[in-house]
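# Residue-level structure breakdown
Here is what each chain is made of, one letter per residue.
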Amino acid sequence: MPADPSLTKTQGSAHPIPKVVVATTAMLSFISFWRAAAIVLNDMGSSAFYAGAIAEEAFGKTAPWFILAVMLLAYAVCALYMESCSMFVRGGVYRVVKEAMGGRMAKLSVSALMFDFILTGPISGVSAGHYLIGFVNELLRFGRLNITIPENFSAALFAIAVTLYFWWENIKGIHESSGKALRIMYVTTAMVVVMLVWCGYTLWMRGVHLPPWPEPSHLTFSKTALGWLRYTNWPYTIGVIGIFIALGHSVLAMSGEETLAQIYRDLEHPKMRNLKKVSLIILAYSLVFTAGVSFFAVMIIPDATRSQYFGNLISGLAMNFVGPYSLRLVFQAFVVLVGVLMLSGAVNTAIVGSNGVLNRVAEDGILPDWFRQPHRRFGTSYRIVNLVTGLQIATIVLSRGNIFLLGEAYAFGVMWSFAMNGAAVLALRYKEPGPRGFRVPFNLRLGGVEIPVGLTLITLTLLALCTINLFTKEIATISGVVFTAAFFATFTVAERITRKRGNVGADLDQFNVASRTDLTAATVGARPGSVLVPVSNYHALYHLGAVLDRVKTERRDIIVLHVQVMRRTGSGEIELEADQLFGSIEQFLFTKALCMAEQRGKPIRLAVVAANELEDGILRAAANLQSSTIVLGRSAKMGLAEQARQFGLAWEGLQDTRPQFNLEIYTPYGDHEFFLLGPHSPNLTRNEVNLVHQLWLRLSERLRPEELHHHDVVHFALNELKQELMNGKESELVQRLKEHVIQNKAQRQQSPPS
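Residues numbered from 1 in each chain as written. Predicted model: local features only at pLDDT ≥ 70, side-chain atom pairs only at ≥ 80, totals over all residues. Heavy atoms only, no water.

Another point: a nonpolar patch on the surface. On the surface, Tyr430, Leu444, Leu446, Val449 and Ile451 cluster together to form a nonpolar patch covering roughly 500 Å² of accessible area. Tracing the sequence through the fold places Tyr430 in helix H18 (residues 412–431). (Patch = residues over 30% accessible without salt bridge, like charges linked within 9 Å, V, L, I, M, F, W, Y side chains within 5 Å. Areas by Shrake-Rupley, 256 points an atom, 1.4 Å probe, with all protein chains shown as cover. Salt bridge = Lys/Arg side-chain N within 4 Å of Asp/Glu carboxyl O. Helix = DSSP H or I, 4+ residues; strand = E, 2+ residues; numbered from the N terminus.)

As structure tokens, then:
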């Protein structure tokens, strides 16, 4: 088949423009509302481990009431995000603010949000370190060893180690799954249930004494909590100011709620109804866990010793329960395990979220695409990951592991992002007054004018908290304003430079970006039975070269596919628009692919899709394109067998009609392995066929006059194996099977080549 000029160039041609089909509907694997709630709670719920202690240190024993109020405010903020998601499937701050207030305010909101992301990792990592070191010190006291590990310094070292670990995971491109988040919440729920029962028993034995009521007279502010207002009497003489100062020091308990907008696209149908369920689950869990921890800590831990547990408040609860010391120590170990899992996960979320935000900014032409250039081996945007990780480690070093210092600086960015999101949604009520899938409640109509009372009150409350924090959180205000201004200036200057230079280099091919809702064989212009070649890293296109060398394009078409992976954490800042899915990085990738095709004189089709799981996106694209073969390059993160297994698991997870695929995986050295995805006849060796025949010979004589076939022997043997698995012999069978596989492998290696 001659080369189609719309698909590839030929030497001496008048520079025809190749076509790239960009599918604007993502190849998503949807998740239940339980999994979505688990993702949000893994981020938001981690604040339960430190929020109450930081609030109490700032203004005294009334802190639990204000944590409770902030949890209720968080539910109101959920309503903000639900309305923004009903207008934009990805209702993240950048998108909503840009639509309502323009690009400049959007850059400002993202700059503030980045400050929150940079601090989320350090405060979570340091908090996890405090829980771990506190437990180790408790063990040393239990063993009567006169050794005490310094908490702040050791917690900082632990936080740095965790940050470096997740830096390497993100460089490799290994992301956290919703299933893992759900399993963490299972373990956390078990801990919470035990904690609630034990707290209830302890209070029943000792009596219940509620924290002081949240009245201005009960607020005892520390000097650092008042900031510049410490030179006035306003916090004590004007009650509402004191109340708002206390709320301002409690708002870090609702950090992580931006994740709600990020998981909306991934929710299964009906989306808005499921998002409401997610919000209710978050509210219930936050009230019980985050607010509950703060209340129980004040009621159970004595005032004289509570301050020594401010770094690991739930551990302090465990050690002050009624019961044997050894049993309390065991529960503290459980608390530390859960805390390290959740808080370390929040470190990863911060890196992934920052990566997603900055990638979104780069795709919008604000940052140079230099930031998005892929890692030579892993194909990830490693320069952004390096930048974020470096800033986080610098923050940990500057804080020296002081959780209160980090808490003082924290929540600047997230509060301003909440407030700007609220203001943007409010502006869009009048700028785009059309119908929505959800509206923040309490709306009045006077004549033909709508007055959004609920939305206005929420926005004004958030703006009031932001304003009071400016005057009371000195560290947060100074560092936050400097950081936000620096990022905003960087974005502004970089955007001007990028636009002056242009987004396209002179050595890159121009492409006709054809936006299509769905990706099908017809939209790409390919015949059924094509070869699909996913590409992601322009440093590793050896598998495409192997396909071009082998496949006769007169008989089968070659489709080169790029899957843009939208991570669930951080993906709220990625919009599915053709010009954002296809930028200069994709342009460079396809330029190299076209060059390889031209050298061999063969046409290729080009396509881009978005997905939240790489394997799932490739398989769904292959099904839509009616491809018969998928050809991959070897993963830099896992072996061939494991890579094939991951695709097999993804194939099993497809909910639609699951076609069979041939899967080929090439190594950089030209070797390749062949796998089949889906049910298929096993490739039996001569020895295996002979074994079936021998069993048939022996059994057929004894079954006369019944007729026995070879397939009966196989079917019977498989049923016996299944029965043994169901009878609780799985461990024994797995061990025997493993020994069999190892023995066969050794025999194959010893056998001389035929």
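Inspection of the entire model under this criterion finds zero disulfides. With no disulfide partner, Cys466 has as its closest neighbouring cysteine sulfur the one in Cys78, 17 Å distant. Take Cys466: its relative accessible area is 2%, and that puts it in the buried class. (Disulfide = S-S within 2.5 Å. Buried < 20%, exposed > 50% of the residue type's maximum accessible area, 1.4 Å probe, protein only.)

What follows covers the pairing of strand S7 (residues 605–611). Remark: a regular strand shows side chains that alternate across the two faces of the sheet. Burial of S7 is extensive: seven of the seven residues sit out of reach of the surface. Burial along S7 is two-sided: Arg605, Ala607, Val609 and Ala611 facing one way and Leu606, Val608 and Ala610 facing the other are all buried.

The next thing to look at is the confidence of the model for the protein. For the protein, per-residue confidence averages 83 on the pLDDT scale, and residues scoring 70 or more make up 90% of the total. For the protein, helix H23 (residues 578–581) is the element with the lowest average pLDDT, namely 66, and strand S5 (residues 531–534) is the one with the highest, namely 94. Counted against residues more than four places away or in other chains, residues 1–15, with its pLDDT under 50, gives 31 contacts. Note on residues 568–575: pLDDT under 50 across the span, and 45 contacts to partners over four residues away in sequence or across chains. (pLDDT = per-residue confidence, 0-100. Contact = heavy atoms within 4.5 Å.)

The full count for this structure, using the stated rule, is 19 salt bridges. Here Glu495 makes a salt bridge to Lys107, at a shortest N to O gap of 3.1 Å. Of this pair, Glu495 sits in helix H20 (residues 474–501) while Lys107 is found in helix H5 (residues 103–142), placing the two residues 388 residues apart along the sequence. Judged by relative accessible area, Lys107 falls into the buried class, the value being 8%. A salt bridge links Arg605 to Asp557, with the nearest nitrogen and oxygen atoms 3.4 Å apart. Highlighted residues: Arg605 in strand S7 and Asp557 in the loop between helix H22 (542–550) and strand S6 (558–565), separated in sequence by 48 residues. The class of Asp557 is buried, set by a relative accessible area of 2%. Salt bridges here are not isolated pairs; linked through shared partners, they connect Glu83, Arg429, Arg436, Arg439 and Glu450.

Moving on, we get to the pairing of strand S3 (residues 449–452). The alternating pattern of S3 places Glu450 and Pro452 on a buried face, while none of Val449 and Ile451, on the opposite face, is buried. Relative to S3, strand S2 (residues 443–446) runs antiparallel, the two being bridged by four bridges. Within the sheet, the bridge partner assigned to Leu444 lies in S3 and is Ile451. Taken together, S2 and the strand that follows it, S3, pair antiparallel across an intervening segment of two residues, in which Gly447 is found at a positive phi of about 70°. (Pairing = 2+ DSSP bridges.)

With that settled, consider the nonpolar core. Counting residues in each nonpolar core, the largest one holds 158 residues, and the members touching the most others are Phe59, Met114, Met254, Leu275, Phe289, Met415 and Leu462. Met114 has contacts with Ser354, Val357, Leu358, Val388, Phe483 and Phe487, leaving out every residue within four places of it along the chain. Among the nonpolar cores identified, the runner-up in size contains 30 residues, and Val22, Ala597, Ile604 and Val631 belong to it. (Core = buried A, V, L, I, M, F, W, Y, C linked by side-chain atoms within 4.5 Å.)

Geometry of a packed helix pair, given as the angle between the helix axes and the separation of the axes. With their axes 9 Å apart at the nearest point, helix H27 (residues 686–702) and helix H28 (residues 710–726) run at an angle of 100° to one another. When the interaxial angle is binned, H27 and H28 end up roughly perpendicular. Residue-level contacts link Val692, His693, Leu695 and Trp696 of H27 to His710, Val713 and Val714 of H28. A per-class count over the contact of H27 with H28 returns five nonpolar, two polar and no charged. (Axes fitted to C-alpha atoms, helices over the stretch in contact; angles between N-to-C directions. Parallel < 35°, antiparallel > 145°, perpendicular 65-115°, else oblique. Nonpolar A, V, L, I, M, F, W, Y, C, P; charged D, E, K, R; others polar.)

Turning next to helix H25 (residues 614–625). Since the α-helix advances by 3.6 residues per turn, residues separated by three or four positions end up pointing in the same direction. Here H25 is twelve residues long and its end C-alpha atoms lie 16 Å apart, about the 16 Å a rise of 1.5 Å per residue gives. Within H25, nine of the twelve residues are buried, which leaves it mostly tucked inside the rest of the structure. Phi for Gln626, located one or two positions after H25, is positive at around 60°. (Expected span 1.5 Å × (residues − 1).)

Along the chain, the position of Ser627 falls in the loop between H25 and strand S8 (629–633). In this structure Ser627 comes out as buried when scored by relative accessible area, which is 5%. For Ser627, the contacting residues outside a window of four places in its chain are Gly529, Ser530, Leu532, Ile559, Ala622 and Phe661.

The next subject is the packing of helix H2 (residues 51–59) against helix H3 (residues 63–87). Orientation of H2 relative to H3, taken along the N-to-C sense of each, is 125°, at an axis distance of 9 Å. As summarised for this structure, H2 and H3 are arranged oblique, according to the angle between their axes. Note that H2 runs across H3; the crossing there is right-handed. Mapping the contact onto sequence places Ala51, Gly52, Ala55, Glu56 and Phe59 in H2 and Ala63, Phe66 and Ile67 in H3. A breakdown of the residues in the contact of H2 with H3 according to their chemical character gives six nonpolar, one polar and one charged. (Left-handed = near helix turned anticlockwise from the far one by under 90°.)

Applying the stated criterion across every chain, the model contains 23 aromatic pairs. Where Phe49 meets Tyr131, the ring centres are 5.4 Å apart and the plane angle is 80°; that geometry is what we call edge-to-face. Of this pair, Phe49 sits in the loop between helix H1 (33–44) and H2 while Tyr131 sits in helix H5, placing them 82 residues apart in sequence. The exposure class assigned to Phe49 is buried, which follows from its relative accessible area of 0%. Centroid distance Phe331 to Phe334: 6.4 Å. Interplanar angle 75°. Geometry classified as edge-to-face. Here the residue Phe331 and the residue Phe334 both occupy positions in helix H15 (residues 325–363), the gap between them amounting to three residues, near one helical turn. A relative accessible area of 5% places Phe331 in the buried class. Every member of this aromatic cluster is reached through a ring pair, and the members are Phe49, Tyr131, Tyr285 and Phe289. (Phe/Tyr/Trp six-rings, centres within 6.5 Å; stacked < 30°, edge-to-face > 60°.)

With respect to the element layout, Ala128 can be found in helix H5. Residue classification places Ala128 among the buried positions, given a relative accessible area of 0%. Note: C-alpha distance between Ala128 and Pro368 (240 residues apart in sequence) is 36 Å. Ignoring anything within four residues of it in the chain, the contact list for Ala128 reads Phe158, Val340 and Leu343.

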